[in-house]
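# Observations on the model geometry
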Amino acid sequence: MRIAVHSGLTMRGTIEGVVGEVRKVAEFGLAGYWAPMLAGHDTLTAFAVAGREVPDVELGTVVVPMPLRPPFALAQQVATVQEVLKGRLALGVGPSHEALVRDAFGLEWTPPIAATRWYVEQLTAVMAGRDGRGVAIGGDPTPILLGAVNPAMAALAAEVAAGVVTWSAGPRTIAEVIRPALRARSDGSPFRVVAALPVAVTGDVAGTREHIDRRLGANDRFPSYRKALRREGVDGVADLAIVGSPDEVGRRLDAFAESGVTDFAAHVLAASAADAGRTWEFLAARAAAARD
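The structure reproduced in this document is the subject of the present report. In this text the structure is predicted, and so the values were computed from the model without any measurement.

What follows is about the side chain of Q82. Within the secondary structure, Q82 sits in helix α4 (residues 71–85). You can call Q82 buried: its relative accessible area is 13%. Ignoring any residue separated from it by four or fewer positions in sequence, one finds Q82 in contact with G87, R88, L89 and T142.

What follows is the structure, given as structure tokens:
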């Protein structure tokens, strides 16, 4: 299992801050840098800037909300960014959440499974240059990963995508939802399972979970996440977060690896700078051990 970092800095920081974090990922020997695309900066554009400055780091979206980009527009943007990154972009997309689509984006919500199927078909066609709709930039089509934490979307991902990305989901979701869906795949092609969760190496478990809940707990209200959290037997992402001693954090990461996760993206969220530093050092050591 590869160890990467997940960060929300594209939504609340500066482009220079993102460049700095991506550079830190490279310096610590981690496998990649994954970020959402919602408020704040355009994540794909930020990736183009950061990737130009920092070579050899994979940059992935978790996820691009499909309502924000028609398929042709996203294909064009992805082709441009992929040229800058020389193939290092990993593209995660998803239908987003009804409340965000209606209230934040000001758009109509459509049934997510049918909408996602159509979107991936259209995006794939444009990126592959089918039906005369290809963008005028060379390079192989970028594999698509779908945001999926529940059975219907996981089944669709297994059918039409090259992987899944998850948030607010633990090993039980991977074992009971993602892996069963993969049994329907018959072509034997690689399939990535990218799991993202908060991580902190700390002696203050209760205080850190409270800190995580303050920062990220608002997302627990979305129905798809609520279902996944109930499946995991917890009330919120703060309860599911990987928090504790190095041994405890390592044990929890082992469970993800054993469940079939190919890439773990750690959202480093500690209550103190010292704990954040310890967490980065732990992740670097874990990544080095995985390479050996």
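Let us keep going from here.
Let us look at the pattern of salt bridges. Taken as a whole, this structure holds 12 salt bridges when the rule is applied. For R2, the salt bridge is made with E58, and the minimal N-O distance between the two is 2.7 Å. One end of the pair, R2, is in strand β1 (residues 2–6); the other, E58, is in strand β3 (residues 58–61), and 56 residues separate them in sequence. Using a relative accessible area of 16% as the deciding quantity, one classes E58 as buried.

In this section: the packing of aromatic side chains. Applying the stated criterion to the full structure yields four aromatic pairs. Over the ring of W280 we find K24; its NZ or CZ atom is 4.2 Å from the centre of that ring.

What follows is about α4. Between the first and last C-alpha of α4 there are 20 Å, a value that for 15 residues agrees with the 21 Å anticipated at 1.5 Å per step. Buried residues of α4: P71, L74, A75, Q77, V78, A79, V81, Q82 and L85, and no others. Looking at the buried residues of α4, the elements they touch are α3 (43–53), β3, β4 (64–65), β5 (89–94) and α6 (112–128). At the C-terminal side of α4, K86 shows a positive phi close to 55°.

Once that is clear, we can look at a negative patch on the surface. A surface patch of negative charge is lined by D204, E210, D213, D235 and D239. In this fold, D213 is placed in helix α9 (residues 205–216).

With omega at -5°, the peptide bond leading from V62 into V63 counts as cis. Along the chain, V63 falls in the loop between β3 and β4. If you check the backbone angles, D56 has positive phi at about 75° while not being a glycine. Its location among the elements puts D56 in the loop between α3 and β3.

For the pair helix α7 (residues 151–160) and helix α8 (residues 171–182), the least separation of the axes is 8 Å and the interaxial angle reads 30°. When the interaxial angle is binned, α7 and α8 end up roughly parallel. The handedness of the crossing between α7 and α8 is right-handed. Between α7 and α8, the contacting residues are P151, A154, A155 and A158 on the first element and V177, I178, A181 and L182 on the second. Within the contact of α7 with α8, the residues separate by chemical class into eight nonpolar, no polar and no charged.

Helical geometry: 3.6 residues make up each α-helical turn, so side chains three or four residues apart lie on a common side. Here α3 has its buried residues at T43, L44, A46, F47, A48, A50 and G51. The backbone nitrogen of L44 lies 3.1 Å from a side-chain oxygen of the residue at the head of α3, namely D42.

In this fold, G132 is placed in the loop between α6 and β6 (144–147). Residues G132 and K227, 95 residues apart in the sequence, show an inter-C-alpha distance of 41 Å.

This next bit is on the nonpolar core. Core analysis: the largest hydrophobic core is formed by 94 residues, its most contacted members being Y33, W34, L74, L146 and F264. In terms of residue count, strand β8 (residues 192–201) provides more of this core than any other element does, seven residues in total. Those residues within four positions of L74 in sequence are excluded, and the remaining contacts are L44, V64, R69, L91, V93, Y119 and L123.

Bringing the pairing of strand β10 (residues 263–268) into the picture now. In terms of burial, β10 is largely enclosed, as six of its six residues are buried. Of the two faces of β10, the one holding D263, A265 and H267 and the one holding F264, A266 and V268 are both buried throughout. Note: β1 against β10, four bridges, orientation parallel. Considered in β10, the bridge of V5 is made with A266. Here β8 runs beside β10; their pairing, made up of six bridges, is parallel. Following the sheet pairing, V199 is matched in β10 by V268.

Thresholds, definitions, all that
Residues numbered from 1 in each chain as written. Predicted model: local features only at pLDDT ≥ 70, side-chain atom pairs only at ≥ 80, totals over all residues. Heavy atoms only, no water. Helix = DSSP H or I, 4+ residues; strand = E, 2+ residues; numbered from the N terminus. Buried < 20%, exposed > 50% of the residue type's maximum accessible area, 1.4 Å probe, protein only. Contact = heavy atoms within 4.5 Å. Salt bridge = Lys/Arg side-chain N within 4 Å of Asp/Glu carboxyl O. Phe/Tyr/Trp six-rings, centres within 6.5 Å; stacked < 30°, edge-to-face > 60°. Lys NZ or Arg CZ within 6 Å of the ring centre and 35° of its normal. Expected span 1.5 Å × (residues − 1). Patch = residues over 30% accessible without salt bridge, like charges linked within 9 Å, V, L, I, M, F, W, Y side chains within 5 Å. Areas by Shrake-Rupley, 256 points an atom, 1.4 Å probe, with all protein chains shown as cover. Lys, Arg positive; Asp, Glu negative; His and termini not counted. Charge placed at Lys NZ, Arg CZ, Asp CG, Glu CD. Axes fitted to C-alpha atoms, helices over the stretch in contact; angles between N-to-C directions. Parallel < 35°, antiparallel > 145°, perpendicular 65-115°, else oblique. Left-handed = near helix turned anticlockwise from the far one by under 90°. Nonpolar A, V, L, I, M, F, W, Y, C, P; charged D, E, K, R; others polar. Polar contact = N/O pair within 3.5 Å; in protein donor to acceptor, adjacent residues only side chain to side chain. Core = buried A, V, L, I, M, F, W, Y, C linked by side-chain atoms within 4.5 Å. Pairing = 2+ DSSP bridges.

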